[in-house]
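A closer look at the structure
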Amino acid sequence: MNTIARVFSYSVGRKLIMAATGLFLIIFLVEHLIGNFLLLKGDGGAAFIEYSASMVHNLLIRIVEILLFAAIVVHVIDGFALFLSGRQKRSQRYAVRNKSASWTSRNMIVTGTVILIFLVVHFYTFFVPYRVIGTDATIYDLVIEAFSNPYYTAFYVLAFLFLGLHLKHAFISSLQTLGLRHLKYDRLLQIIGTLYAVFVPAGYALIAIYIYLKTA
Amino acid sequence: MIKFREGTPITESAVPPGPMDRKWVDYRSKCRLVSPANKQRLTVIVVGAGLAGASAAATLAQLGYNVKVFVYHDSPRRAHSIAAQGGINAAKNYQGDGDSIYRLFYDTIKGGDYRSREANVWRLAEVSANIIDQSVALGVPFAREYGGLLANRSFGGVQVQRTFYARGQTGQQLLLGAYSAMMRWVDRKKIEYFPYHEMLDVVLIDGKARGVIVRNLLTGELKRYSGHAVVLATGGYSNVFYLSTNAMNSNVTAAWRAHKRGAYFANPAFTQIHPTCLPAEGKYQSKLTLMSESLRNDGRVWVPKEEADVERVRSGRIKPADIPEEKRDYFLERMYPAFGNLVPRDVAARAIKKMCDAGFSVIPEGDAVFLDFKDAIARLGRDVIDQRYGNLFEMYEKITGESPWDTPMKIYPAPHYTMGGLWVDYKLQTNVPGLFAIGECNFSDHGANRLGASALMQGLADGYFVLPYTIGDYLADEIRTPLPDTQAPAFDQAEKEVRSLMEKIYQIGGNTSVDELHRTFGRIMWDYCGISRTAEGLQKAYGMVCDIEERFWKDVKVPGKLDEKNSELEKAQRLLDFIQLGKLMIIDAFHRNESCGGHFREEYQTPEGEPLRNDEEYAYAAAWEYTGTDEPVLHKEPLQFEVVKPSVRSYK
Amino acid sequence: MSKTINLTLKVWRQSGPNDKGGFETYSLQNVSTRMSFLEMLDVLNQQLIAEGKRPVEFEHDCREGICGACSLVINGRPHGPNYRTTTCQLHMRHFKDGETIYIEPFRADAFPVVKDLIVDRSAFDRIMAAGGYISVNTGSPQDANNIPVPKPKADKAFDAAECIGCGACVAACPNASAMLFVAAKVSHLSLLPQGEPERERRVRRMIEAMDAEGFGHCTNTGACSIECPKAIPQEFINRLNREFLRASFITEITDD
């Protein structure tokens, strides 16, 4: 156990935590998106409401939910901590910045911070009233209300753009940190990563735009 | 005026008795050993960490000695061994093509034009196979066949495939192997290494080498270190010519300072010129880049036949490709129909120089000839040529901006390796007891000319397999000697002398930069003591170099401070040693009235222009003793040929 | 044919490790486009010496792209604008007339500036001492051909072994990470059967040393591979991570 603990004290070990939590969140995003598609059903939100309720009452989902929160917290804290420690490794900065790597890979902290702000807003709009304070409105009502606001919708779309940029690097990067890239499948993994980074955020954004257009 | 005296001949070179193929085996069985307990009490100083130094340091540490390694680089891994491209020879006979220790020995003796010591060369061939085993065990990624076994190629025109290679980076991979072995012992605290430390003197106590004075190049501090023996592995001195294929920092200072302390310097005039290098263009040129010898396998060397074409091609009015076949002079094929473009290095280099001297250089500033792949591309197809030389073409284009696919390469010979060096006996010990010299820094194995792919072999043979035995034989007498005190008067004296020389140079305060003077000096060496030499030219050059030395003391300019990183000061000290070595090279070239290997005296050639050896009078190694005056003393070590009878090289 | 250009150079000057340092501006006229970048600096130094000023200190040796001594960050790019090229093999024809060129040292706290453009890269040597070797004694190793290595594997090991230890990866990395260097070293040895016995120990110790030297963590930006003069690919970082995971979680019997 001692050895295992030490593993996570190394820089490589700490990156493992980033990659593992990140990959977990990547999987979660797909699940969440599938659920959100119920909003498009045109049944006045019945299916979505039922789906949301079933999530709350499923013990397994509740456990996963706790893990999810833990993953977000760890990912955020470790992310900021690593960013700060990384900056400290070069106290004298360059006069001319190196831009040879992709913008997305160099700006994970920027895209990540935007996503964090988004998450706060997101929780404040949905999770807090629905799960913490309690409200008479259905979850569907909350959604409709939120996305009838053009600014709110625009903010979401922008946040998903940043999410896409974050994911563009995150997907292949997390696989690399976990040593899961493979010369024989690397091309395939890169394509999956790119498709993922484009279509998943686009899916979220389209739903938001759809609802806005429907309510406008 | 060139002056020298002849001293007593060298009669003792410690070659063991017995038949040639038993000498090393017997020596190893009978030489004295030091017990493990005593080894721990002994310290060996190794200067330089190229192939020879790093492999020696690793092996000595493994044996149990305490080792101190000094390098002037920031890391032991930067030594110039790293730049060797082609490969390393070993008599493994993996290809079953009839190779043997004898054949490698024979090729090396013959290639050296019968000016090397047979017993040393035999031993080199004998241990060559072990080097491959050792390097592979260390993880050196040699080229392999699909069956997983090692690949070989033939190199430098020999008839067997005995060259092991690692792409075009054999030297790098072998050096990293030796360096990694060394770092293992750094980790285990048996080796202490000192980067950025340049050796400026060797300290003798009661006639034995007992330590060194080094300068910390970052702080300028002079420091003393003592040991029971000192091993110099400091490489060659091709930079005496200013422009050479050697790394910018390669220098003769460690060897020269040892020479000034009494170690003989042998055959300094034996230098090797590599025929296919990128030409110098313009005054700013800082070094020359070697292009692999293998290019001559398919490339054809030529210049325009007519001077009008030469003029037009120089000025850029026509392209080389515009010159029709009948107006091209493929001069190597014309002069040497049998071997054509594949004549040995020295022969090719002389022919190229001859054409340029006759006014056929194809570039406006400086000298160059064409090396053309047009016919080979037409004959073999682009794919084949790309496989063989693709990376070299890319490298050429990177440097020159011209693509060898479209236009012929421009090449010119450049100094590349020095066969001469500190005189050592069979034990690799100089005439100063306790002072050893290994690798290119000594003179021993290549005679007057080195074969391709043999430099790496010699460096590692000395470091891994020879010195660790022979130094034990010396150290067996030292087990009762405590580690010499660095406060001893000899250290005081040596440090004082180093300091005063350095301060004297620093205070000259002239107007000429070190590089500028070095360039002028190097050009003299190149013109008169380079590819070909004449007695008259050498005498003239001697006077010119004496003037350069005088100018150095009057006019050199060293900016900066003494107690800081000061590259100009480092270069100035090295330049002075080069100038003094240059004088000795000229004397050596002048005294050797014959042509052999890399030493070509125009007066001594056959009617066909081939070098004419004089075995009657010059079958000896010339070991020069420093006298502190302009009159060095020559000690001849006669060379006996028991196994191979000297014959005439012919490539017609 | 040879052209000449005029340049403005902004060169980092720092008299010693404790000096703050700053940029000095020099103008250089009639620079031949055939010169290498380092030859251009030689010319600058000759000019400075003639003016009685202290020349610029920079590291260089073989000037043929293999020793790894040369460094420099040129306009924000380690070893300059060209790919697969060391500074010593960069030529002035790649610069424009009238251009301003920023020349900085490789910056990383693990590579402290020694003077001007020279940095101390001995941290790499200490990482190597921690495990970048195969522990084999000189003596009588088995015959080289007793260790067959499949050619594709040997070639792959070679791709990693091409690393020249220049430190451009560290200079390029936003976190000054030495992952690519360590990855190349670990991969070279772990791909060979000779390296097998020390596989776990090697990767653990070298990563430990890398952290101890003060290099940052890897965020897989890939800048290192882009700037690497030998273009050592990212796949070796993947391999290093895999080696580390293997040593930490999978191999049952290890020495720690």
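In this text, all values refer to a predicted model and were calculated from it rather than measured experimentally.

Here we take up the overall build of chain B. Across its full length, chain B holds 18 helices and 22 strands. Here chain B has a C-alpha radius of gyration of 24 Å; the compact-globule value for 652 residues is 26 Å, and the two agree. Once the C-alpha set of chain B is aligned to its principal axes, its extents read approximately 75 × 65 × 50 Å. Here chain B holds 652 residues, and the buried ones make up 67% of them. Long-range pairs, those at least 24 residues apart, make up 74% of the contacts in chain B between residues at least 6 apart in sequence. Looking at chain B as shown, the accessible area adds up to about 21,800 Å², and 48% of this sits on carbon and sulfur atoms.

With that settled, the discussion passes to the pattern of salt bridges. A full pass over the atoms with the stated rule returns 80 salt bridges over all chains. Of the charged contacts in the structure, one is a salt bridge between Glu 162 of chain C and Arg 167 of chain B, with a shortest N-O distance of 2.8 Å. Here Glu 162 of chain C, found in the loop between helix H3 (151–161) and helix H4 (168–172), pairs with Arg 167 of chain B, found in the loop between strand S5 (163–164) and helix H6 (170–187), and the two come from separate chains. Take Arg 167 of chain B: its relative accessible area is 30%, and that puts it in the partly exposed class. A salt bridge links Glu 198 of chain C to Arg 202 of chain C, with the nearest nitrogen and oxygen atoms 3.9 Å apart. Here Arg 202 of chain C falls in the buried class, since its relative accessible area comes to 2%. Residues joined by salt bridges that share partners form a network here, namely Arg 300, Glu 325, Arg 328, Glu 333, Asp 372, Lys 374 and Asp 375 of chain B.

Residue and element names in this part refer to chain C. The interhelical angle for the contact between helix H2 (residues 122–129) and helix H5 (residues 179–190), taken along N-to-C directions, is 35°, at an axis separation of 11 Å. Read as a crossing pair, H2 and H5 show a hand that is right-handed. Mapping the contact onto sequence places Phe 124, Ile 127 and Met 128 in H2 and Phe 181, Val 182 and Lys 185 in H5. Taken together, the residues of the contact of H2 with H5 sort by class into five nonpolar, no polar and one charged.

Moving on: the domain arrangement of chain B. All names here are of chain B. We note that the domain assignment places domain 1 (36–273 + 417–475), domain 2 (275–415) and domain 3 (489–618) within chain B. Computed over C-alpha atoms only, the centres of domain 2 and domain 3 are separated by 30 Å. Each partner contributes residues to the interface: domain 2 has eleven residues there, and domain 3 has eight residues. In total, domain 2 and domain 3 occlude about 880 Å² of area from one another, counting both sides; carbon and sulfur atoms represent 59% of this. For domain 2, the biggest contributors to the area lost against domain 3 are Lys 283, Arg 350 and Lys 353; these three give 56% of the whole. The tally of links from domain 2 across to domain 3 stands at zero salt bridges. Linking domain 2 with domain 3 are one residue pair in polar contact (both at pLDDT 80 or more), by the criterion used here. Those elements that provide at least two residues to the side of domain 2 that touches domain 3 are helix H10 (345–360) and strand S16 (409–418). Examining the composition of the side of domain 2 that touches domain 3, we find that five residues originate from one element, H10, more than from any other.

A separate point is empty space enclosed by the protein. Tallied over the full model, the rule gives eleven cavities of 30 Å³ or more. When its volume is computed, the second largest cavity comes out at roughly 570 Å³. Every residue lining the second largest cavity is counted, 40 residues in all, and those nearest its centre are Met 248, Asn 249, Lys 571 and Arg 574 of chain B together with His 60 of chain C. Counting only elements with at least two residues in the lining of the second largest cavity, the list comes to helix H15 (514–529) and helix H17 (567–591) of chain B together with helix H1 (37–50) of chain C. Top contributing element to the lining of the second largest cavity by residue count: H17 of chain B, with seven residues. Here the residues of the lining of the second largest cavity are counted per class, giving 14 nonpolar, 13 polar and 13 charged.

Between chain B and chain C, the residue contacts involve 77 residues of the former and 75 residues of the latter. Taking both sides of the interface into account, the surface hidden between chain B and chain C amounts to around 6,500 Å²; carbon and sulfur atoms contribute 49%. Seen at the junction of chain B and chain C, the total is eight salt bridges. The salt bridge involving Asp 143 of chain C is made with Lys 92 of chain B; its shortest N-O contact spans 2.9 Å.

Looking now at the pairing of strand S5 (residues 100–104) of chain C. All names here are of chain C. In this structure, strand S1 (residues 4–13) lies alongside S5, joined through four bridges in parallel fashion. Paired with Lys 10 across the strands is Tyr 102, a residue of S5. Here strand S3 (residues 73–74) runs beside S5; their pairing, made up of two bridges, is antiparallel. When the bridges of S5 are listed, Ile 74 appears paired with Ile 103.

When pLDDT is averaged along chain B, the result is 95, and 99% of the positions lie at 70 or above. Listed scores for the predicted complex are pTM 0.97 and ipTM 0.98.

What follows is about the interface of chain C and chain A. Taken together, the contacts link 50 residues of chain C with 41 residues of chain A. In total, chain C and chain A occlude about 3,600 Å² of area from one another, counting both sides; carbon and sulfur atoms represent 55% of this. The largest share of the area that chain C buries against chain A comes from Arg 107, His 217 and Asn 220 of chain C, three residues that together contribute 16% of it. Across the chain C-chain A interface, the total number found is zero salt bridges. The interface formed by chain C and chain A contains 27 residue pairs in polar contact (both at pLDDT 80 or more). Among the elements of the structure, strand S4 (77–78), S5, H4, helix H6 (199–212), helix H7 (223–227) and helix H8 (235–250) of chain C are those that each provide at least two residues to the side of chain C that touches chain A. Considering each element in turn, the side of chain C that touches chain A owes the most residues, nine residues, to H8 of chain C. For the side of chain C that touches chain A, the class distribution of residues is 25 nonpolar, 13 polar and twelve charged.

The periodicity of an α-helix, 3.6 residues per turn, causes residues three or four places apart in sequence to face the same way. All names here are of chain C. Taking 1.5 Å per residue as the helical rise, H5 with its twelve residues ought to reach 16 Å, and the 16 Å between its terminal C-alpha atoms agrees with that figure. The element H5 is extensively covered by neighbouring structure, given that twelve of its twelve residues are classed as buried. Those residues of H5 not exposed but buried are Met 179, Leu 180, Phe 181, Val 182, Ala 183, Ala 184, Lys 185, Val 186, Ser 187, His 188, Leu 189 and Ser 190.

Further remarks concern the environment of Pro 275 of chain B. Residue and element names in this part refer to chain B. Within the secondary structure layout, Pro 275 lies in strand S12 (residues 271–277). Classification of Pro 275 as buried rests on a relative accessible area of 0%. Pro 275 sits 137 residues away from Tyr 412 along the chain, and the two C-alpha atoms are 6.1 Å apart. Those residues in contact with Pro 275 that lie beyond four places of it in its chain are Arg 296, Arg 345, Ala 348, Ala 349, Ile 352, Ile 411, Tyr 412 and Pro 413.

Residue and element names in this part refer to chain B. Side-chain alternation along strand S15 (residues 369–372) places Val 369 and Leu 371 on one buried face and Phe 370 and Asp 372 on a second face that is also buried. Inspection of the sheet shows strand S13 (residues 300–304) paired to S15 by three bridges, in the antiparallel sense. Of the residues in S15, the one forming a bridge with Val 301 is Leu 371. Examined bridge by bridge, S15 and S16 share three bridges and lie antiparallel to one another. By the bridge assignment for S16, Leu 371 is matched with Met 409.

It is worth spelling out H15 of chain B at this point. For H15 of chain B, built from 16 residues, the straight-helix expectation of 22 Å at 1.5 Å per residue is met to within 8% by its first-to-last C-alpha distance of 21 Å. Every buried residue belonging to H15 of chain B is among Val 514, Asp 515, Leu 517, His 518, Phe 521, Gly 522, Ile 524, Met 525, Trp 526, Tyr 528 and Cys 529 of chain B, and all of these are buried.

In this structure, Val 69, Ile 88, Ile 191 and Phe 331 of chain B together with Phe 215 of chain C are the most contacted members of the largest nonpolar core, which totals 317 residues. With 13 residues, H17 of chain B is the single largest residue contributor to this core. Setting aside residues up to four positions removed in sequence, Ile 191 of chain B forms contacts with Ala 57, Ala 58, Ala 61, Val 67, Val 69, Met 182, Trp 185 and Val 186 of chain B. Core analysis: the second largest hydrophobic core is formed by 28 residues, Leu 9, Leu 38, Val 56 and Cys 70 of chain C among them.

So, how was this worked out
- Residues numbered from 1 in each chain as written.
- Chains lettered and ligands numbered in written order.
- Predicted model: local features only at pLDDT ≥ 70, side-chain atom pairs only at ≥ 80, totals over all residues.
- Heavy atoms only, no water.
- Helix = DSSP H or I, 4+ residues; strand = E, 2+ residues; numbered from the N terminus.
- Rg over C-alpha atoms; globule rule 2.2 N^0.38 Å.
- Buried < 20%, exposed > 50% of the residue type's maximum accessible area, 1.4 Å probe, protein only.
- Contact = heavy atoms within 4.5 Å.
- Areas by Shrake-Rupley, 256 points an atom, 1.4 Å probe, with all protein chains shown as cover.
- Salt bridge = Lys/Arg side-chain N within 4 Å of Asp/Glu carboxyl O.
- Axes fitted to C-alpha atoms, helices over the stretch in contact; angles between N-to-C directions.
- Left-handed = near helix turned anticlockwise from the far one by under 90°.
- Nonpolar A, V, L, I, M, F, W, Y, C, P; charged D, E, K, R; others polar.
- Domains from an automatic or database assignment.
- Buried area = accessible area lost by both parts, 1.4 Å probe.
- Polar contact = N/O pair within 3.5 Å; in protein donor to acceptor, adjacent residues only side chain to side chain.
- 1 Å grid on protein atoms, 1.4 Å probe; cavity = no way out; pocket = protein on both sides within 12 Å on 5 of 7 lines; lining within 4 Å.
- Points joined across faces, edges and corners; volume = space filled by probe spheres on them.
- Pairing = 2+ DSSP bridges.
- pLDDT = per-residue confidence, 0-100.
- Expected span 1.5 Å × (residues − 1).
- Core = buried A, V, L, I, M, F, W, Y, C linked by side-chain atoms within 4.5 Å.

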